[in-house]
Amino acid sequence: MSLELFFSPESVAVVGASRQAGKVGHEIVTGLIGGGFPGKIFPVNPKADEVAGLPCHPNLQSIGSVPDLVIIVVPPKFVPSVMKECAAVGVKAVIVITAGFKEIGAEGRQLEENVIQIARRAKIRVVGPNCLGIMAPARKLNASFGGELPAIGGVGYVSQSGALMTAILDMAKANDIGFSTMISIGNKADVDELDIMNALGQDEQTRVVAGYLESITDGDRFVQQMERISQDKPVLLIKSGGTGAGAKAASSHTGSLAGNETAYEVIFDRAGVIRCDSVRTQFDYAQAFVNQPLPPGQRVAVITNAGGPGIMAADAIERKGLTFASLTDETVARLAENLPAAANVSNPVDVLGDALPDRYEFALEVVLSDPGVDAVIVVLTPQAMTDCAATAEAILRAAENVQDKTILASFLGGLKIAEATGILRRGGVPQYDSPEGAVTTLKVMNDYVTWRNRPKRVVKLFPVNRRKVEQIIERHIRRGVREIAEMESKEILEAYGFITPKGMIATSAQQAASIADQLGYPVVMKIWSPDIIHKSDVGGVKVSLNSPQQVMDAFDLMIYRIPKKMPDADIHGVLVQEMCTGGMEVILGMNRDPHFGPLLMFGMGGVTVEVLKDVAFYLAPITADEARDMLTRTKAYQLLEGVRGQEGVDISAIAEGIQRLSQLVTAFPEIQEMDINPFVVGPEGTAPVAVDARISVEKS
Ligand code: ADP
Ligand code: MG
């Protein structure tokens, strides 16, 4: 069933309606009446004959027709019997406002399950329990105890917290934000955030889907559905609390670098969801998305009546990676002709401190008509001559017929600009407390446009030896061994098309030297023990060994020293390995999130990775474009490209490595975490080498 009955019911019954003002059962009824609900309202309560002037029914049966929506406010222990009544009558949509369920512990959880079982059997959809209800201002439906209906507008809001919803409503009123619908989902025992966001996604009045979420239950479904909704309209979410995944002890670098928040960042990115850190930012973005066209490009012009704030805006544009628009000669000439001689007629256009509304209007019109401008930020400070309110009106006039460029305002001040900012907001020009706020919003809009125009996702599949990997993993799981050691990790990587250095295990210094002779110098030697995870930490790695003598010495030293440091380690010998010379060390890794699946990681490798934390994460399976995008997100990207005469490395070879890793961890859910560190990459055209690897497996 669609959720239509929740948003536009023609009749509503309130079970637990009360005569007593101040009680929830009373507030809901008066809320419905006060909101001007055009349909029928049926208060239900066997102990009353009238509530708020409406006749009261002893039970649902006695109404004589089936209400589209039933709101339940009776104490928790009576909710199951009311739900049974709903089932008997044939009700299809129920909001349970009552609290005292899952949120209070085991007993409440049981009660909640009972209620939902009854509902499921009768195909009743349930919002709540423990929620504030639903508000749909355009339909004059106030099925909540959240106070008065908010203004009508384009924001559809879903909140997991009822209390926060009341604060949001109040803040929205102060900031001229209007809503299509506002829903508190409470314990989301049946209808959850995805159901609601899907409904808002399809709702014509909703231009922006916004929400506050504490938990996201189904990761895969979330990514899929959000991606679809974001394609149509922006989704602005506040997400509090992490996944808890980061808390578990990690044996890989990737595992320990994947924080509590990483999974959310990664899935939001993938699904095009815009993450907001506060209701304030959510409103900042929402007012622009609702009222303004998306910017066609990233060239921004600034109009101001003061130099300082103009520079602040220009700095912010630069910092955020947007382009400071350069105005055409024609624009400059037109501005010069009509503005005072002291005015600055290039970007940022300074109309001077004594500018009256007409000067702003003229400058804005001219700048908007410049083909090299995609968005304009209008800055104003309330100086002696400034008429703030009239300037706001003038801006609205200039903006009136512009449908293809984004216009944002930043009037600076407090009391003097209050009236003007109200005029701007109600007129559809978003207002920001700082130029920086306006620029940040533009950047978010720009990123959204880029995301929407992203190429179709095609995940490349490489020919691999899957069977081989299956055997190694099965064997480990059968024996209950979690860590796959370096040699077998490398076999796995080779099966997936990675190149690894040649090498063999030596159990004597003599043997080490002869292996080195076969491999050719220089070689690397590494202690060989299932009990040593980070070999260099215990002096278990020696590089650049150039002669048989050096190899033998290194062997003896390791075998002598390491058991002193790690007396319990079972040492099987020393690995003598081909040395990769030149090239840059990067790390490729994966950490599996229990809810959201494999998170791929890329960063500068070697031993510094956990110190510098210059890493990027992405959800697997990954496309070639996304893999490249991951690289560009790290600061190290410049090094990969080559700086100061230093030759760069083969970037597409790294991207391919990430895609192969993605294919491996997607195919084997048993792999919990892994690192390829270092993955040594050379210049364009050379094949990278997976020098060291660590893989942990668990029965999936
Ligand atoms: P661990 O991570 O357990 O300390 P590694 O095998 O990653 O051990 O070796 C540590 C460092 O030694 C690597 O990051 C790399 O800089 C260097 N190294 C190890 N093996 C090689 C090799 N075959 N060629 C070049 N450098 C190597
Ligand atoms: Mg290593």
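Right above here is the structure, for reference.
Chains are numbered independently. Their residues run from 1 in the order of the written sequence. All chains are assigned letters beginning at A, and all ligands numbers beginning at 1, according to the order in which they are written. Given that the model is predicted, a residue must reach a pLDDT of at least 70 before its local features are reported, and side-chain atom pairs must reach 80 or more before they are shown or counted; all residues, however, enter totals for whole chains, interfaces and linings. Values shown for side chains rest on all heavy atoms present in the structure; no hydrogens or waters enter the calculation.

Some points on the site of ligand 1
Being near a molecule or strand, for a residue, comes down to having at least one heavy atom within 4 Å of it. Within the structure, ligand 1 sits among 19 residues, and Lys526, Lys535, Ser536, Glu585 and Asp692 are positioned closest to it. Each polar contact in these results corresponds to two N or O atoms within 3.5 Å; when the atoms are within protein, one needs to be able to donate a hydrogen and the other to accept it, and residues that are neighboring in sequence are counted only if both atoms are side-chain atoms. A distance of 2.9 Å separates a nitrogen atom of ligand 1 from a polar atom in the backbone of Glu578. In this structure, Cys580 approaches ligand 1 through a main-chain N or O atom, which is 2.9 Å from a nitrogen atom. The protein chains hide 90% of the 540 Å² of surface that ligand 1 would expose on its own. Listed by contribution, the elements that provide at least two residues to the shell around ligand 1 are β22 (523-528), β23 (541-545), β24 (573-578) and β28 (671-681). The method behind every accessible area is Shrake-Rupley, applied with a 1.4 Å probe, and residues are considered shielded solely by the protein chains displayed. Each helix is a run of DSSP H or I of at least 4 residues and each strand a run of E of at least 2, with the numbering of both proceeding from the N terminus.

Things to note about the side chain of Asp203
Within the secondary structure layout, Asp203 lies in the loop between α6 (193-202) and β12 (208-213). Each residue gets one of three labels from its accessible area relative to the maximum for its type: buried under 20%, exposed over 50%, partly exposed in between, using a 1.4 Å probe on protein chains only. Residue Asp203 is classed as buried on the basis of its relative accessible area, which comes to 13%. Look past the residues within four positions of Asp203 in its chain and what remains in contact with it is Arg139, Ser180, Thr181 and Lys233. In this description, contact between two residues means that some pair of their heavy atoms is separated by no more than 4.5 Å.

Some thoughts on the packing of helix α7 (residues 219-232) against helix α16 (residues 435-452)
If you want to describe how two helices pack, look at the angle between their axes and the distance between the axes. Axis separation between α7 and α16 bottoms out at 10 Å; the angle between their running directions is 110°. With respect to α16, the element α7 is oriented roughly perpendicular. Between α7 and α16 lies a crossing of left-handed hand. On α16, the residues that touch Glu227, Ser230, Gln231 and Asp232 of α7 are Tyr448, Trp451 and Arg452. For the contact of α7 with α16, a count of residues per class yields two nonpolar, two polar and three charged. Convention adopted: a line fitted to C-alpha atoms gives each axis, helices being fitted over their contacting stretch, and angles between N-to-C directions are expressed from 0 to 180 degrees. Roughly parallel means an angle under 35 degrees; roughly antiparallel means over 145; roughly perpendicular covers 65 to 115; every other angle is labelled oblique. Less than a right angle of anticlockwise turn of the near helix away from the far helix marks a crossing as left-handed, whereas a clockwise turn marks it as right-handed. In this count, Pro and Cys sit with the nonpolar residues alongside Ala, Val, Leu, Ile, Met, Phe, Trp and Tyr, while Asp, Glu, Lys and Arg are called charged and the others, Gly among them, polar.

Digging into the packing of aromatic side chains
Given two aromatic rings, their pairing is described by the distance between the two centres and the angle made by the two planes. Only Phe, Tyr and Trp rings are paired, with Trp represented by its six-membered ring, and only when their centres lie within 6.5 Å; those with planes under 30 degrees apart are stacked, over 60 edge-to-face, the remainder tilted. Scanning the entire structure with this criterion turns up seven aromatic pairs. For the pair Tyr264 and Phe268, a centre-to-centre distance of 6.3 Å together with 65° between the ring planes defines the contact as edge-to-face. In this pair, Tyr264 and Phe268 both sit in helix α9 (residues 262-271), four residues apart, roughly one turn of the helix. For Tyr264, a relative accessible area of 3% translates into the label buried.

What about α9?
Most of α9 is tucked away, with eight of its 10 residues classed as buried. Three or more residues of α9 are buried, namely Thr262, Ala263, Tyr264, Val266, Ile267, Phe268, Arg270 and Ala271. In the segment just after α9, Gly272 is the residue with positive phi, at about 75°.

A short note on the coordination of the magnesium ion (ligand 2)
Within the protein, the magnesium ion (ligand 2) binds to Asn677 (O) and Asp692 (OD); these donor distances fall in the range 2.3 Å. Taken together, the positions of Asn677 in strand β28 and Asp692 in the loop between β29 (689-690) and β30 (693-697) put the pair 15 residues apart, joining distant regions of the chain. Judged by its relative accessible area of 12%, Asp692 falls in the buried class. As a rule, N, O and S atoms within 2.8 Å of a metal are its donors, except that Na, K and Ca use 3.2 Å; water is not among the atoms, so sites may look incomplete.

With respect to the pairing of strand β2 (residues 40-44)
In terms of burial, β2 is a largely internal element, four of the five residues being buried. The pairing criterion is simple: DSSP has to find at least two bridges between the two strands. Across five bridges, the pairing between strand β1 (residues 11-15) and β2 is parallel. Within β2, the residue paired with Val15 across the bridge is Val44. When the strands point away from the viewer, a crossover counts as right-handed if the route from the first strand across the helix to the second turns clockwise. Taking the sense of rotation as the criterion, the β-α-β connection linking β1, helix α2 (residues 24-34) and β2 turns out right-handed.

As for the environment of Asp203
Taking C-alpha positions, Asp203 is 34 Å from Asn45, a pair spaced 158 residues apart along the chain. Among the polar contacts made by the side chain of Asp203, one reaches the side chain of Thr206 at a distance of 2.5 Å.

Some remarks on the side chain of Ser662
Locating Ser662 in the fold gives a position in helix α24 (residues 651-667). Within the structure, Ser662 has its side chain in polar contact with the backbone nitrogen of Ile622 (distance 3.1 Å). The contacts of Ser662, once residues within four sequence positions are left out, are Leu600, Ala620, Pro621 and Ile622.

A look at the nonpolar core
What we call a nonpolar core is a set of buried Ala, Val, Leu, Ile, Met, Phe, Trp, Tyr and Cys residues that are connected through their side-chain atoms within 4.5 Å. Ranked by internal contacts, the top residues of the largest apolar core, which has 61 residues, are Phe6, Leu32, Ile71, Ile95, Met197, Phe222 and Met226. A total of six residues in this core trace back to one element, the largest contributor, which is α9. If sequence neighbours within four positions are ignored, Met226 has contacts with Leu194, Met197, Val235, Ala271 and Val273.

So, the sheet that holds β2
With parallel pairing, five strands are arranged side by side in an open sheet as β2-β1-β5-β6-β7. Strand pairing shows two members of the sheet lacking a second neighbour, β2 and β7 (125-127), which therefore form its edges. Neighbour-to-neighbour, the strand axes of the sheet open up by a mean angle of 20°, direction not taken into account. For strand β6 (residues 93-96) and β7, the ladder comprises three bridges, and the chain directions are parallel. Counted as the bridge partner of Ala93 is Arg125 from β7.

With respect to the state of the cysteines
A pair of cysteine sulfur atoms is labelled a disulfide when the two atoms are within 2.5 Å. As enumerated under the stated definition, the model contains zero disulfides in all. For the unlinked cysteine Cys56, the closest cysteine sulfur is that of Cys86, found at 15 Å. When its relative accessible area of 11% is taken as the criterion, Cys56 is described as buried.

Some details on the pattern of salt bridges
In a structure, side chains of opposite charge can pair up when their charged atoms sit close to one another. The salt bridge definition used is simple: a Lys or Arg side-chain nitrogen within 4 Å of an Asp or Glu carboxyl oxygen. Inspection of the entire model under this criterion finds 35 salt bridges. Here Lys188 and Glu193 are joined by a salt bridge, their closest N and O atoms 2.7 Å apart. Neither residue differs from the other here; Lys188 and Glu193 are each classed as buried. Several salt bridges share partner residues, and in doing so they unite Arg120, Arg125, Asp190, Asp192, Asp195 and Arg221 into one network.

As for the pairing of strand β27 (residues 615-619)
β27 sits mainly inside the fold: five of its five residues count as buried. Burial along β27 is two-sided: the face carrying Val615, Phe617 and Leu619 and the face carrying Ala616 and Tyr618 are both buried. Here strand β26 (residues 597-604) runs beside β27; their pairing, made up of five bridges, is antiparallel. Opposite Phe602, over in β27, you have Ala616 as the bridge partner.

Observations concerning the sheet that holds strand β14 (residues 274-275)
Read across the open sheet, the seven strands follow the order β9-β8-β11-β10-β12-β13-β14; overall the sheet is mixed. Bordering the open sheet on either side are β9 (141-144) and β14, each of which pairs with just one other strand. Sheet strands touched by α6: β10 (152-159), β11 (179-184), β12 and β13 (235-239). Its angle to β12, the strand with the most contacts, is close to 165°. Against the sheet, α7 touches β12 and β13, its axis set at about 140° to β13.

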